[in-house]
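Observations on chain architecture
Spelled out, the chains give:
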Amino acid sequence: MMRLNRSPLTCTAACAALLCATGAPPVRAATAPVRAPSPAVRTALGRLWLGAAWYPEQWPESRWPKDLALMQAAGINVVRVGEFAWSALEPHQGDYHFGWLARAIAEAARHHIYVVIGTPTDAPPAWLTSRYPQVLRIHADGRRAEHGNRRQFSYASPLYRTFCRDIVTRLAERFGHNPDVIGWQIDNEYTNESYDAGTRRQFQLWLKRRFGTLAALNRAWTTAYWSQTYTAWNQIPLNALPGNPGLMLAHRQFVTATWLSFQRNQLRALRAHIAPRQFITTNIGGLGWSDNWDHYAITRPLDIAAWDDYVGEGQLNFYRNGAMSDFVRGWKRQDYWVMEAQPGFVDWAPVNNSLVKGGVRAMTWESIGHGADAVLFWQWRSALGGQEQYHGTLVGPDGRPEPLYREVQRIGREFKRASAAIAGTSPRSQVALLVSYDSRWAIDFQRQTRRYHQLRVLLDYYRPLENLTHAVDIVSARAPLAHYKVVFAPSLNVISRSLARHLRAYVLSGGVLVLGPRSGMKDQYDRLNVERQPGPLVPLLGGRVQQYYALDAPVAVAGAAGDGTGRIWAEALTPRSRKTRVLLRYGAGNAWLTGEPAAIERRYGHGAILYLGTILDRRLMHAFVERTLAAAGVRSPFGVLPRGIELMRRVGAGREVVILINHGAARRTVRLPYAMRDVLHRGRVLRSVRLRSEGVAVLERTSAP
Ligand code: GAL
C-alpha cells in the first residue's frame, strides 16, 4: 500500500488561502495570523484525490476485487463508503458486524485506494425506527416520516442522538487508527428539520437562553403587532408558516444550532478515538446555495468543507458553478472536497439529460481550478434495486464500464501528472463578494418582488468580477477583509451595529466597500433600521436610501460609469454629506425615480464606500465594476479572455498554476502574459494555448510569480 507523501508540502492549499494572502496596500491591517495546517488538513489537501462513492454492502464480496481493479485502472485513489450501511453494520440492536467493512477497506488498500468512512446516521435501520418510533421526524404539516426512505429521523431527538453516538463511537474505535482510512464524513447532506413537540420545547428553551426574558423577546420581535405578545415561553409556536419575521429568522438560527449540536455529538465521538491525521467533514448538498441553515457555522468545527456538486438538468453554466465553488471555498476560507460529482446525469431533475462528452472532465477541472483538491463521483455502480436505479454511474448493472468511464480514466491520468504541481496551491483573490445568511433569509421571507433572486443578483456581480480578475472570493460578511482591495456586498439586508463596525474598519484602513441593493434595511432581529438604508452605515456613506421600488419595467440609468438600465429593484438615494458624490442617476420613465441618484460614493479614511441601489443591465454592470476595480488598482495579467474561456489560478509557495477551460463551442486561442509549462503534455513551454470545445489546459509558470 502506498503511503501519503507529505514531505514536499511546507504550505498546503489551506494555508495558502488562509495565511499567505497578498496584495494588501501598505495602509491596511495585516491579514489573519499564520497558523500551520493540522495533520488532518494536510491529509485532505496535500494532493489531488479522484474517487467514487462505493457501496460494498450492496454486492457479494467476490465482486469487490473486480470493482476495485477497475477503479484503480481509472486512477481512482479514494472511495467513500458506509454512509447508508447502518443495517449492515448493526443488523439488530447491539449486534455489530464491522468485519465486512474492515475487509472492504483492506481490499481497497490492495488496490492503492484510500477510504473515507461516512457515518451511517442519515438512514436509521428499521429495527430502530420501529422499536423507537419517537425518533421519527414530523413534517411541517404534522405527518410523521416513515421507514422506507432516508432522513426519517428527528435531528433534535436526544434518543436518536444516543444511537448515533453509539454507532459512531464503535466505528471510530475500530477504524480510527486504520492507516488506510484517511477521513470521516458525518451523516449525509443535513436536510430536514422536524416539527415534533420535543423540538418545539427545545426551540423555546433556545429562545430563553438567547433572549433571557420574554420582555426582551417581545421587544425584539415587535410582538405588539397583531397581538402576538407572549406571556409564557411555551406559547411560542414552531411551524414553517410565513409569520413574524423576527421569529422566522430565529427559527433558521435555531435550525443551524440544532444541526450543529447533531454534528457535535458525532464530532466528539470521532475526535475521542481517531488519529489526528484523519480528517472530519460532512457533504453539503442542495446545489450548494441551499439556505436551510448557515454553512459557515456548520463547517467551522470541521477540518475541511465538502459539497455535492450536481448540475441537474441542462449543461454546466460555468459562472454559476464557478461561483458556487468559490462560495464553498469561502465557508472555511480554504480548499475543499467535492464529495459527490455528477457522473454525466442524475435521476432527480425534470429532464435527466447528460453533460456533453468532455463536460464531466471540464467540470472536474473547473472544480480543481476553484480550489477543490478532491472530486468523487456519485456513484460507482448503481444498486440493482432501490430508489436510484436510473442515476448515472461509472460502471453498469453488468459491472462493465459505462461510456463515461474512459473520460474519468483520462481525468485519473491527468490528476497523476498534475498533482505535484497543484499540491500546496490555492486560488487567491484581491476582491471578494460578501454573503450573509441572516440577509438571505430576511429578504426571502419578504421578497417584495418575485423577481428578486439573490443568487441571480450575486451572479450579476460575479460575472464581471470573474471576467476582469479571474479570481473571486465569496466569503461571509464577517470574514477578515483586510487583504481585499475591493469587496462587493449585494443584498446585505441585515446590518447590525457590530457588522457595521467591521465594515467601517475595512473602509477606514483603505478598503473599497460596494453595497448593493437592499443593504442595511434590517437589524439582527429582522427589524427595520430607523436610519433607513444602509442602517448604521448611513453616517459613513454620507447618504441613505430615501425610498425603494419594486420595478415592473426597466428604468434608464446614466452617469460617470456609463448609460444603461436598472431592473427589478430601484432605490432612490439621497446624499447627506458634501463629500458624497453621485455616480449614477435614474433617467426619465418612472416619475418617482426620475433624476434621483441610483449610485453614490464617498471617500473615507484611506478607502471608499459606494452604494449601488439597483440591478444594472449586464453591459453597464461590467462598466461599473471595471471602473471600480481600475480605481482600486485591481487587474489581471491575463486581460480580457475570449468568450467561453474560463481561467483559474492557484498560487502557493513561489508557484503559480493556471487552469484554462474552453466552455464554448468554437476553438479558441489564449495568449499568455509569460511562458508557462504545459503540465498535461510533457511540460512543453507555451506562450499561447489553443483549446477546442471542452478543452482543458493546466499550465505552470516557469518563473517565480
Ligand atoms: C445526493 C445524495 C446521494 C445521492 C445523490 C444522487 O444528494 O447525497 O446519496 O442520492 O444525491 O444525485
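Right above here is the structure, for reference.
Residues numbered from 1 in each chain as written. Predicted model: local features only at pLDDT ≥ 70, side-chain atom pairs only at ≥ 80, totals over all residues. Heavy atoms only, no water.

Things to note about the nonpolar core
Cut-off, in case you're wondering: Here, the term nonpolar core denotes a set of buried Ala, Val, Leu, Ile, Met, Phe, Trp, Tyr and Cys residues that are joined through side-chain atoms within 4.5 Å. Accessibility here uses a 1.4 Å probe with only protein chains present; expressed as a share of the type maximum, an area under 20% marks a residue as buried, one over 50% as exposed, and anything in between as partly exposed. Strands here are runs of E lasting at least two residues and helices are runs of H or I lasting at least four, both read from the DSSP assignment and numbered beginning at the N terminus. Residue contacts follow a heavy-atom distance rule, with two residues in contact if any of their heavy atoms lie within 4.5 Å.
Judged by nonpolar contacts, the single largest core of 165 residues is most densely connected at L207, W221, I236, W365, W380, F624 and V698. With 11 residues, helix α10 (residues 245-271) is the largest single contributor of residues to this core. With near-sequence residues (within four places) excluded, F624 lies in contact with V514, A561, L583, L584, L610, L612 and L616. Ranked by size, the runner-up nonpolar core spans 26 residues in total, among them A432, L481, L541 and I600.

A word on the environment of V651
Within the secondary structure, V651 sits in strand β21 (residues 645-652). Sequence-wise, V651 and R428 are 223 residues apart; in three dimensions their C-alpha atoms are separated by 6.7 Å.

Brief notes about the site of the ligand
Which entries qualify depends on this criterion: Residues are labelled near a given molecule or strand when at least one of their non-hydrogen atoms is within 4 Å of it. Side-chain atoms alone can form a polar contact between residues adjacent in sequence; in general such a contact is a pair of N or O atoms within 3.5 Å, and within protein one must be able to donate a hydrogen while the other accepts it. With residues, only the protein chains shown are counted as cover, and all accessible areas are computed by Shrake-Rupley using a 1.4 Å probe.
By nearness alone, every residue bordering the ligand is listed as F84, R150, N188, E189, D308, Y310, E340, W348, W378, E388 and H391. Contact between the ligand and E189: an oxygen atom at 2.6 Å from a side-chain N or O atom of the residue. Contacts to the ligand include E388, whose side-chain N or O atom sits 2.4 Å from an oxygen atom. Burial of the ligand by the surrounding chains reaches 94%, relative to a free accessible area of 310 Å².

Focus on the sheet that holds strand β5 (residues 279-281)
What counts, and what does not: Note on pairing: DSSP must find at least two bridges between two strands before they are called paired. Axis definition: a line fitted to C-alpha atoms, over the contacting stretch in the case of helices. Angles run 0 to 180 degrees between N-to-C directions.
What the 9 strands build is an open sheet, ordered β5-β4-β3-β2-β1-β9-β8-β7-β6; its pairing is parallel. Looking at which strands have only one partner, the edges of the open sheet turn out to be β5 and β6 (283-284). In this sheet, strand β9 (residues 372-377) lies alongside strand β8 (residues 336-341) in parallel orientation, the contact comprising 4 bridges. Directly across from V338, in β9, lies its bridge partner V375. Those strands touched by helix α14 (residues 404-422) are β1 (49-53) and β9, and its axis lies near 150 degrees from that of β1.

Here we look at helix α16 (residues 454-469)
Helical geometry note: an α-helix holds 3.6 residues per turn, so side chains three or four residues apart project in the same direction. Where we set the bar: Helix span is expected to be 1.5 Å times the residue number reduced by one.
The terminal C-alpha atoms of α16, which comprises 16 residues, lie 22 Å apart, in line with the 22 Å expected from a rise of 1.5 Å per residue. Following α16 by one or two positions, H470 has its phi on the positive side, about 60 degrees.

Quick look at the sheet that holds strand β25 (residues 696-701)
Spatially, 5 strands are ordered β21-β22-β25-β23-β24 in an open sheet, and the strand pairing comes out antiparallel. Each of the sheet's edge strands pairs with one partner strand only, and the pair in question is β21 and β24 (685-691). The mean inter-strand angle of the sheet, taken between neighbouring strand axes irrespective of direction, is 25 degrees. Bridge analysis of strand β23 (residues 668-678) against β24 gives 6 bridges, and the strand direction is antiparallel. Counted as the bridge partner of V670 is V689 from β24. Packing against the sheet, α14 makes contact with β21, β22 (655-662) and β25, and its axis sits at approximately 140 degrees to β22.

Focus on the packing of aromatic side chains
Where we set the bar: To pair, rings of Phe, Tyr and Trp, with the six-membered ring standing in for Trp, must have centres within 6.5 Å; the planes then decide the type, stacked if under 30 degrees apart, edge-to-face if over 60, and tilted in the middle.
Summed over all chains, the structure comprises 40 aromatic pairs. Pairing W86 with Y160 gives two aromatic rings, centres 6.1 Å apart and planes at 45 degrees, and the pair type is tilted. Taken together, the positions of W86 in helix α4 (residues 86-89) and Y160 in helix α7 (residues 158-175) put the pair 74 residues apart, joining distant regions of the chain. A residue is classified by how much of its surface remains accessible, and Y160, at 0% relative accessible area, is buried. Both rings, one in Y461 and one in F488, keep their centres 6.1 Å apart while their planes meet at 65 degrees; by these two values the pair is edge-to-face. Here Y461, found in helix α16, pairs with F488, found in strand β12 (residues 486-489); they are 27 residues apart in sequence, far enough to count as distant. Both residues of the pair, Y461 and F488, count as buried. What links up through ring pairs into an aromatic cluster is the set W86, F153, Y155, Y160, Y190, W259, F262 and W293.

A few points about empty space enclosed by the protein
How we decide: Computed over the protein atoms alone on a 1 Å grid, cavities are sets of points where a 1.4 Å probe fits but cannot get out and pockets are open sets with protein on both sides within 12 Å along at least five of seven lines; a residue lines them when it has an atom within 4 Å of a point. Grid points are joined across faces, edges and corners, and a volume is the space filled by probe spheres set on the points. Polar here means any residue other than Ala, Val, Leu, Ile, Met, Phe, Trp, Tyr, Cys and Pro, which are nonpolar, and Asp, Glu, Lys and Arg, which are charged; Gly is therefore polar.
Scanning the entire structure with this criterion turns up 6 cavities of 30 Å³ or more. The computed volume of the second largest cavity comes to approximately 90 Å³. Every residue lining the second largest cavity is listed: W289, L434, V435, S436, S439, R440, Q454, L458, P490, S491 and L492. For the lining of the second largest cavity, the elements supplying multiple residues, two or more each, are β10 (431-435), α15 (437-445) and α16. Split into classes, the residues belonging to the lining of the second largest cavity amount to 6 nonpolar, 4 polar and 1 charged.

Some words on unusual backbone geometry
In this chain, W378 is followed by Q379 through a cis amide linkage whose omega measures 5 degrees. With respect to the element layout, Q379 can be found in the loop between β9 and α14. Here the residue pair Q533 and P534 is connected by a cis peptide bond, since its omega of -5 degrees sits within 30 degrees of zero. Mapping P534 onto the fold places it in the loop between β13 (512-515) and α18 (538-541).

Re a positive patch on the surface
Rule in force here: Without a salt bridge and with relative accessible area above 30%, a residue can belong to a patch; like charges are then joined within 9 Å and nonpolar side chains (Val, Leu, Ile, Met, Phe, Trp, Tyr) within 5 Å. Put simply, a salt bridge is a Lys or Arg side-chain nitrogen that is within 4 Å of an Asp or Glu carboxyl oxygen. The charge count treats Lys and Arg as positive and Asp and Glu as negative. His and the chain ends do not count. Lys charges are placed at NZ, Arg charges at CZ, Asp charges at CG and Glu charges at CD.
A contiguous patch of positive charge, built from K357, R406, R413, R417 and R682, is present on the exposed surface. Relative to the elements of secondary structure, K357 occurs in the loop between β8 and α13 (359-369). Residue class for K357 comes out exposed when judged on its relative accessible area of 79%.

Remarks on the side chain of S154
Tracing the chain through its elements places S154 in the loop between α6 (126-131) and α7. We classify S154 as buried; its relative accessible area is 1%. For S154, the contacting residues outside a window of four places in its chain are V135, L136, R137, Y160, S194, D196 and T199.

Digging into α13
The buried count for α13 comes to 11 of 11 residues, which makes it a mostly enclosed element. Taken together, the buried positions of α13 are occupied by G359, V360, R361, A362, M363, T364, W365, E366, S367, I368 and G369. In the segment just after α13, G371 is the residue with positive phi, at about 115 degrees.

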